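Here is what each chain is made of, one letter per residue.
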Amino acid sequence: MKSKITIRDVAKEAGVSVATVSRYLNNNGYISDQAEKKIKDVMDRLNYQPNEIARGLAMKKTRTIALIIPDITNPFFPELVVAIEKVAKSKGYSIILVNTYDDDLQNNDFWVQLQNRYVDGFILASFQFDEKVLKGIEELQIPFVRIDRAADYNTDDSIGLNNFKGASLAVDHLIEVGCRNIAHISGPASYPPSQDRMRGYLDRLASRFPEKEPIVYEGDFSLESGKVLTEKLFQENPNVDGIFLANDLMAIGSLKALKLMGIQVPTQVALIGFDGIKLTEMVEPEISTVEQPIYEIGIIATNKLIHKIEGTNGLPDEKELDVRLVKRRSTLGFGV
Ligand code: RIB
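Report on the accompanying structure.

Parameters and conventions
Residues numbered from 1 in each chain as written. Predicted model: local features only at pLDDT ≥ 70, side-chain atom pairs only at ≥ 80, totals over all residues. Heavy atoms only, no water. Pairing = 2+ DSSP bridges. Helix = DSSP H or I, 4+ residues; strand = E, 2+ residues; numbered from the N terminus. Axes fitted to C-alpha atoms, helices over the stretch in contact; angles between N-to-C directions. Phe/Tyr/Trp six-rings, centres within 6.5 Å; stacked < 30°, edge-to-face > 60°. Buried < 20%, exposed > 50% of the residue type's maximum accessible area, 1.4 Å probe, protein only. Lys NZ or Arg CZ within 6 Å of the ring centre and 35° of its normal.

1. Let's talk about the sheet that holds strand E8 (residues 242–245)
Strand order in this open sheet of six strands is E7-E6-E8-E9-E10-E12, and the pairing throughout is mixed. Since the sheet does not close on itself, it has two edges, and those belong to strand E7 (215–218) and strand E12 (324–326), each with one partner. When strand polarity is set aside, the average angle formed by the axes of neighbouring strands in this sheet is 20°. Sheet topology places strand E6 (residues 182–186) next to E7; four bridges connect them, and they run parallel. By the bridge assignment for E7, histidine 184 is matched with valine 216.

2. With respect to the packing of aromatic side chains
If you walk through the whole model with that rule in mind, you get six aromatic pairs. Judged by centre distance (4.9 Å) and plane angle (80°), the rings of phenylalanine 110 and tryptophan 111 are edge-to-face. According to the relative accessible area criterion, phenylalanine 110 is buried, its value standing at 12%. Assessed through its relative accessible area of 6%, tryptophan 111 is described here as buried. Their ring planes at 45° and their centres at 5.6 Å tell us that tryptophan 111 and phenylalanine 122 sit as a pair that is tilted. Here phenylalanine 122 lies in strand E3 (residues 121–124) and tryptophan 111 lies in helix H6 (residues 108–116), a separation of eleven residues in the sequence. Overall, the relative accessible area of 0% leaves phenylalanine 122 in the buried class. Three or more aromatic residues joined by ring pairs form one cluster here, namely Phe110, Trp111, Phe122 and Phe144. The cationic tip of lysine 212 hangs over the ring face of phenylalanine 209; the distance from NZ or CZ to the ring centre is 5.7 Å. Positioned above the aromatic ring of phenylalanine 144, the side-chain terminus of lysine 308 is 5.3 Å from the ring centre.

Next up, the structure:
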């Protein structure tokens, strides 16, 4: 088998020193136009592929970004990954995906392993931390950006979303189509986006129907919890005619439960989710939702992180992105 072309082979063939080739590859230090051209020609001719890992280790940079997400099975996150990977790639970075389970972030080994992978930075979307964990993360001294469940509006490293407004839009829309007994299936109560979405629900309910008691069930953002909690909701509150679910995946689970119970969506019960994942258009009826700018979140987060890694400034401060109400048949057909 032909042995791999090394930096030494390139230097020898181009008639320059290894240090010159290294300067060329790392784009640091003076190199004459003539030497640059020779090196480039030889690299093309020999089809030389620099060993990025070895180069990275030598420069203490790997041009790798870790993306830490809480649930790879939720289509919201793959949609986010696509945007992040696209921007990262265009700037010469690759992505490693880290799916977290249970209390991974609380575990010191998790962060040690991340450090051992020599990533240049990471984007954190999972939320399983407290102030102590956050302090530990900061001590790693690896640049990071917080999004989605991990976003905190009080810090400069976060890109948040107007979750309160999104929830308000959803509840107002249910009222507008005629729902009068509106329940909310929330995300985990400790997560900041769940709390803001819940606040939006409570606020709109209190202002439009001050006499009504809120009906809230705490889900975990999974398909199953949407299904199971909808069954429970209707056993305990058969008069409910509108449900705002804190994410789309739970809304799809809810739709399934309602079908199994013989309750018609949208004529008897209207449903609305949150996220704007593509799957909401693939079910029958199509599900109304509060759309997050998933792609834009990915682009802004990646640009922000790369700016932090490379120590450059000048990005506009995007702390909180907006949402959009998408009206579909799961609500528009209510009572028809
Ligand atoms: O569907 C995943 C949910 O988790 C989304 O609503 C997102 O905002 C995150 O919190």
